[in-house]
Each structure stands twice: as structure tokens, then as C-alpha cells.
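Summary of the model geometry
So you can see what is in the structure, the chains are spelled out below.
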Amino acid sequence: MNSDVTDFASLAPAYPELLMAAGILVLLLVGVVINKERSLLVSWLSIGLLVAAGLLVAFQQVDGVIFNGLFIADGFGRYMKVLVMGGAALALILGLSNAEEHGVHKYEYSILALLAALGMMVMVSANDLMSLYVGLELQSLALYVMAAIKRDDSRASEAGLKYFVLGALSSGLLLYGASLIYGFTGHTNLGEIVVAIANEGRSIGLIFGVVFLLSGIAFKISAVPFHMWTPDVYEGAPTPVTAFFAMGPKVAAMTLMIRLVLDTFAPITTDWQQIVIFLSIASMVLAAFAAIGQKSLKRFIAYSSIGHVGFALVGLSSGTQVGAEGVAIYMAIYLVMTVGFFACILSLRSETGYVENIADLAGAAQTRPFVAAAMAIIMFSLIGLPPLAGFFAKWHVFLAAIEAHLFVLAVIGVLASAVSAFYYLRIVKVMYFDEPVKQFAAVPAELNVVMAVSGFLLVTYYFTVGSPLTGWAHIAARSLF
């Protein structure tokens, strides 16, 4: 009995994941047993499970490597897991109002979201190429089904199919890269790969492996040129599902890339830096110009997310602790801006349905002044105007690039940010200066709360959460070095 207790205690770094896995199995039984029309209960229990797991991650503070080196718990992983859990819980909350209209009223939707979140947690703590792949696929398989969960909608089915086909391609790239790295280093454990590279030096086969591996992960964060799926899937999937896609999975995949390049591939920094700089520049520039002609709100936010991934990669390109800290801060602020944006979109519902095009926002400031004000704050923050939180997010990543003497990259980022101001300000112009074309229904209470909190955090960032968040990000980044 004592040995069993000892063995279970040794699994302490993975307690949040074990809690999630056990909770998913219980909720699956609950969903099967109760009346399916009462899926709201499963949704609230799922949100509670995510919050509980997030609090356990935040307060447990247990570091270690377990499962024969497959799983690592450290400060950086804890920081990112809290973001992942928070993003997943908020995405589920956004889907509560009028869930049936979006096709996410089935209890299976919440279970799939939890499975995806568990996959993200495993990704964040992956310390081996095998556990990395298992976490990635657990997340991806759940997301494929979530994209197509509204089965009677041809656009959702098309989005799910596109995501599945292109996702399978990215998994193939990632697996091929992993096999090359294993072949040229003889290890799958990330810590042992570092030692092998340091001892044996770089080889052309290893570089090819790194390129393919990072390409597979770039697909998951929607970095150019692996972004093709993003606008179509964002537009076709139900809006709450799109919100889920835009938050947690981005954070988890970015964490994976940070851990790989700053830790595993640290001995070949000059090689991976070229890849990350290319991904960053391509993402910022393409998104800045491609978003200008968009009429669909969800395609607009898809290109916006691609651009913001590019900005986050500016910090990662530096290869320094300051860069990792900047990316950690950027992802937290991006999460708040994204959840606020989707809360605004889901708040605007007329007799003909939810707003889908930018033109549908015309005159929203007159009919829904609170929603329009929240949306305007989010748009200004996405541009990066001071003193809003988005300014400080870009400040940290550009500062890291400048300190690493990547001056051209920083200049390109600033110019891309200036171009992006055009399409963000266009939304503000449509809401405040165009004549109203629709009358909107009452806003659900939970969405009002989300909009109010996100707007408050973005406006008062410097005076409220700015200092604590910077401190947490510093502690998290320091654990990588």
C-alpha cells in the first residue's frame, strides 16, 4: 500500500492532467446518462473542471520530469497551461448563449473541448518527440470534429474536412521531421537531443529534420505559408468553435515551438533563427495586406490572428530570455483581446441571425453603444495604440528583437502594424459613422461580463495587471534557461 502511495505521489507534476482525464471520463458518463437536452449541465461542469485544473496548475508549483522523461513540469509550462485552461473555459462560456443555434448544444461538444484542452496540456509539457506528437494529435482529432459539429451546415462540414485534410498533411511533415531528428541524433527525448547536437554538431540531415518539424508546428499556429486553412475554417466553423480555435490551440502550439527552439535546438540557434524570422516576416506582411479586402468578420479575425502570430514570433526570433518573456506576455494579452472580440460578435444578434460581415456592424454605436465601445477598445488594442495592453504586448517583442540586433525585423513589424491600423479602424468607422442597418436583440449577461472585463483589462493594463503579468512571465521564461 505504501509503495502505491509513493508511486502516486511521484506523479504530482501530472496531477492536473490526471484530474482532466478522470473528469472527462466522468462527464462522458454524465452526458450519456442524463437527458441530452440538459447538455447545459455538462457545459457548466466542463467549465468548472477547466477552472479546477487551472487552479491546480497555478498553485501546485511542483517541478519535475516523469514518465521516463516523456513529461516535464516547470514554471514556463505552468504559465502557459493557465492561459490554455483560461482560454478553453472562456470559449465554452461564449458558446452558452444560444448554443442550439450554433450547433454546439450537444454534450459531446464540451467533452471534445476538454479532450482538446488535455491534448494542449500534454503539448505544453512534452519532453519527448513521442509525447509531443501524442498531445498534438489528441488536440487535433478533437478540433477536427468540433469544426464540423454542426452537421446540417454545409459550411461547417466543409471547414471540418479542410481542416482534417490539411491537418493530416501537417502531421506528416511533423512526423517526418521527428524521424529525421531521431535518425541523426539517436534520441527522441528533448534533453538528450540537446546533448547529442552539442557533442556531434550540426548535420544537413538534422537541419532538414528541424525544418520539417517546425513546419508542422507552424501549421498549428497558422504561420505563413502554412496558414491556408485558417480563413476557410474560421469562417465555416460555428462562431464559438472559431473562438476556441483562436485561443487555446495557438498558445499550446506556440509553447511547443518556444520549448523546441530555445531549449532543444539551442546549439543550432543560427539555423532555426532563419526559419522563425522568415515565418514572422511572412505572417506579418501577408496578414497586413490580405485582411484589407476582407468583408467577413471571421475571415478578418483569421488574418488578424495570423498577423499577431507573426508579431509573437518577432520576440521568439531573438532566441533570448527577454524574447521568451515577451512572447509569454504577448500570448496572454492576445488571449484577452480575442475573447473580447468574439464576445462582441456573439452579442450582436438580429432577426436574421448573428452578424457575419463587417457591413452588418453599421451604426452599432447607436443601437448597442456598450458593445461598440468594447469593440473599439479591442480594435485600438489590436493596432497597438498606447496606453492599451496591445501596445505593451508589441513593445516587449520588439524590444527583444532590438536587443538581439534584429533591427530590420523590428522595423518590418512596426510597418506591418501601421498597415494593419487601416482595417482595424475601418470597423470602428463602420460602427460609429455609418447608418444603422439592423436592430439587435438583448445581450446575454455572461457576454456583457466578458466584454466588460476584457475592456477593463485592456484599458487599465499598465495600472492593474501589467506589473504582475510581467513578473510571472519573467519567472516562467527564466525556467527555460
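Residues numbered from 1 in each chain as written. Predicted model: local features only at pLDDT ≥ 70, side-chain atom pairs only at ≥ 80, totals over all residues. Heavy atoms only, no water.

Re the environment of G455
By the element assignment, G455 lies in helix α21 (residues 445-459). Considering only alpha carbons, one finds G455 and K81, 374 residues apart in sequence, at a separation of 23 Å. (Helix = DSSP H or I, 4+ residues; strand = E, 2+ residues; numbered from the N terminus.)

Here's the deal with the pattern of salt bridges
When charged atoms on two side chains of opposite charge get close, those side chains can pair. Following the criterion strictly, the structure yields 10 salt bridges and no others. A salt bridge links K162 to E158; the shortest N-O distance between them is 2.8 Å. With a gap of 4 residues between them, K162 and E158 both fall in helix α8 (residues 154-185), about one helical turn apart. Accessibility expressed as a relative area gives 29% for K162, which makes it partly exposed. As a salt-bridge pair, R202 and D271 come within 2.8 Å of each other at their nearest N and O atoms. With R202 in the loop between α9 (190-200) and α10 (204-220) and D271 in helix α14 (residues 269-290), the pair connects residues that are 69 residues apart, well separated along the chain. Under the relative-accessibility criterion, R202 is labelled exposed at 53%. In the salt-bridge network here, residues are joined through shared partners; they are E158, K162, D232, E235 and R299. (Salt bridge = Lys/Arg side-chain N within 4 Å of Asp/Glu carboxyl O. Buried < 20%, exposed > 50% of the residue type's maximum accessible area, 1.4 Å probe, protein only.)

Notes on the UniProt feature "domain: NADH:quinone oxidoreductase/Mrp antiporter transmembrane" (unreviewed entry) in the protein
When the UniProt feature table is mapped to this numbering, "domain: NADH:quinone oxidoreductase/Mrp antiporter transmembrane" (unreviewed entry) covers residues 126-419. Taken end to end, residues 126-419 is 78% helix and 1% strand, and its first and last C-alpha atoms sit 37 Å apart. (UniProt positions renumbered as here; feature names shortened; annotations may be inferred.)

Some remarks on a nonpolar patch on the surface
Side chains of L28, V32 and V33 sit close together on the surface and give an oily, nonpolar patch of about 290 Å² of accessible area. Position of V33 relative to the elements: it lies in helix α2 (residues 15-33). (Patch = residues over 30% accessible without salt bridge, like charges linked within 9 Å, V, L, I, M, F, W, Y side chains within 5 Å. Areas by Shrake-Rupley, 256 points an atom, 1.4 Å probe, with all protein chains shown as cover.)

A closer look at unusual backbone geometry
Note the cis peptide between V224 and P225, where omega equals 10°. Within the secondary structure layout, P225 lies in the loop between α10 and α11 (229-236). Unusually for a residue other than glycine, F67 sits at a positive phi of about 55°. Inspection of the secondary structure assignment puts F67 in the loop between β1 (64-66) and β2 (71-73). Classification of F67 by relative accessible area gives partly exposed; the value is 39%.

Side note on the environment of I93
Mapping I93 onto the fold places it in helix α4 (residues 75-94). For I93, a relative accessible area of 17% puts it in the buried group. C-alpha of I93 to C-alpha of V450: the two residues are 357 residues apart in sequence and 9.0 Å apart in space. Once you skip the residues sitting within four places of it in the chain, I93 turns out to touch I47, E446 and V450. (Contact = heavy atoms within 4.5 Å.)

Overview of the side chain of T242
With respect to the secondary-structure elements, T242 resides in helix α12 (residues 239-246). Residues in contact with T242, not counting those within four places in the same chain, are V233, Y234, A237, K298 and F342.

Considering the packing of helix α16 (residues 321-347) against α21
Orientation of α16 relative to α21, taken along the N-to-C sense of each, is 145°, at an axis distance of 9 Å. Crossing hand, α16 versus α21: left-handed. Touching V336, M337, V339, G340, A343, C344, L346 and S347 of α16 are L447, V450, M451, S454, L457 and L458, all from α21. (Axes fitted to C-alpha atoms, helices over the stretch in contact; angles between N-to-C directions. Left-handed = near helix turned anticlockwise from the far one by under 90°.)

Observations regarding the nonpolar core
Counting 172 residues, the largest nonpolar core has M20, F244, L313, F341 and M379 as the members making the most contacts within it. Sort the elements by how many residues they give to this core and α16 lands first, with 18 residues. (Core = buried A, V, L, I, M, F, W, Y, C linked by side-chain atoms within 4.5 Å.)

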